[in-house]
Amino acid sequence: MQARIAIVPNAEPGATGGPDRIRAGIEEAVARGGGAVVPQAEANGLVWLVPGRPDLLGRALDGGPGVRWVQFPWAGVEKYAATGVLRRPVVFTCAKGSFAGQVSEHALMLILACLRGVSRQARTPRWSSADPRSLAGLSVTILGGGGIAERLVRLLRPFDCRVRVIRRRPDKVEGADETLPPSALAGVLPGTDVLVLALALTAETRHVVGAAELALLPSHSVVVNVARGAHIDTDALVRALAEGRVSAAGLDVTDPEPLPEGHPLWSDPRALITSHSADSADYVLRMLCERVEHNVRRFGAGLSLDGVIDPVTGY
């Protein structure tokens, strides 16, 4: 069976990488995978690039009964999962795991910057030395056991950290000292020096780190979020930083996002915010095209696809 793929573009102004460039890259990826780009009415697969419009996807699937597979370009699909559209009898795949390389590097950078007080020193307009804190030998807890966590565990190896991964699935993450269920979170937080959030956003993981969890962390701990802003109760984090109950936060994502001008996190020298820039547009497009090519080839051969979304969990 040949994969007949329709590309449904994001026509919004300022789409990452430019819509024409993205479409051209995906067309080439489909061809490399042995598929053909066709009109939507003739497709058995869609590459869906329209963000935040599950209603349009539902209508597209109603109008194209031959569609058996939909590929999303993002790792997180919580806006689609919340509507129930992913429960249709179609295979949905996303880009989870594809962007782990750059995102895990960014997480490591935020960890080191927080431990060494880079944000505070960068905001001090005078010579002001400070004792650095080393990552070597610290206890790191990672919430999430997907591709980002797996890559970050490998990046942490030279630092001889004690690494715990908390994930829903019981299988062990290679290289981690412990792989634990979500029920273990409260028990490990008091012994955590660095807490990293790298998990999918679902109803169960929204505000997984709130006032109670922040209160369990040692006052010297740092919190790093490279997943979704809503994993952390922002108001609780603001209070914990102001009261010295955690020492620093490195945030590539925030809730709300974008973070409004004048928000207290912008002026807190213990907060380092990088405005959802953990991965570059070129990298994202390259990784997306690799995922599309791979899945088109497997779809045409009748094989299982990478990045399949569980409609029950929503990721």
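Residues numbered from 1 in each chain as written. Predicted model: local features only at pLDDT ≥ 70, side-chain atom pairs only at ≥ 80, totals over all residues. Heavy atoms only, no water.

> What exactly am I supposed to notice about the pattern of salt bridges here?
Side-chain pairs of opposite charge can arise whenever the charged atoms involved come near each other. A complete count under the given rule lists 14 salt bridges for this structure. For the salt bridge of Glu178 with Arg162, the shortest nitrogen-to-oxygen distance reads 2.8 Å. Taken together, the residues Glu178 in strand S8 (residues 178-180) and Arg162 in strand S7 (residues 162-166) connect sequence positions 16 residues apart. Glu178 gets classed as partly exposed once you look at its relative accessible area, which sits at 25%. Taking relative accessible area as the criterion, Arg162 reaches 38% and is therefore assigned partly exposed. A salt bridge links Arg270 to Asp268; its shortest N-O distance comes to 2.8 Å. For Arg270, a relative accessible area of 24% corresponds to the partly exposed category. Asp268 gets classed as buried once you look at its relative accessible area, which sits at 9%. Bridged by salt links that share partners, the residues Arg32, Glu293 and Arg297 form one connected network. (Salt bridge = Lys/Arg side-chain N within 4 Å of Asp/Glu carboxyl O. Helix = DSSP H or I, 4+ residues; strand = E, 2+ residues; numbered from the N terminus. Buried < 20%, exposed > 50% of the residue type's maximum accessible area, 1.4 Å probe, protein only.)

> Sorry if this is basic, but what is going on with the packing of aromatic side chains here?
Any two aromatic rings considered together are summarised by their centre-to-centre distance and by the angle between their planes. Scanning the model with the defined rule gives 5 aromatic pairs in all. On the numbers, 5.1 Å between centres and 40 degrees between planes, the contact of Trp69 with Phe299 is tilted. Residue Trp69 is located in strand S4 (residues 69-71), and its partner Phe299 is located in helix H11 (residues 281-300); the two are separated by 230 residues in the primary sequence. An identical accessibility class is assigned to Trp69 and Phe299; each is buried. Counting every residue linked through ring pairs, the aromatic cluster contains Phe72, Trp74, Tyr80 and Phe92. (Phe/Tyr/Trp six-rings, centres within 6.5 Å; stacked < 30°, edge-to-face > 60°.)

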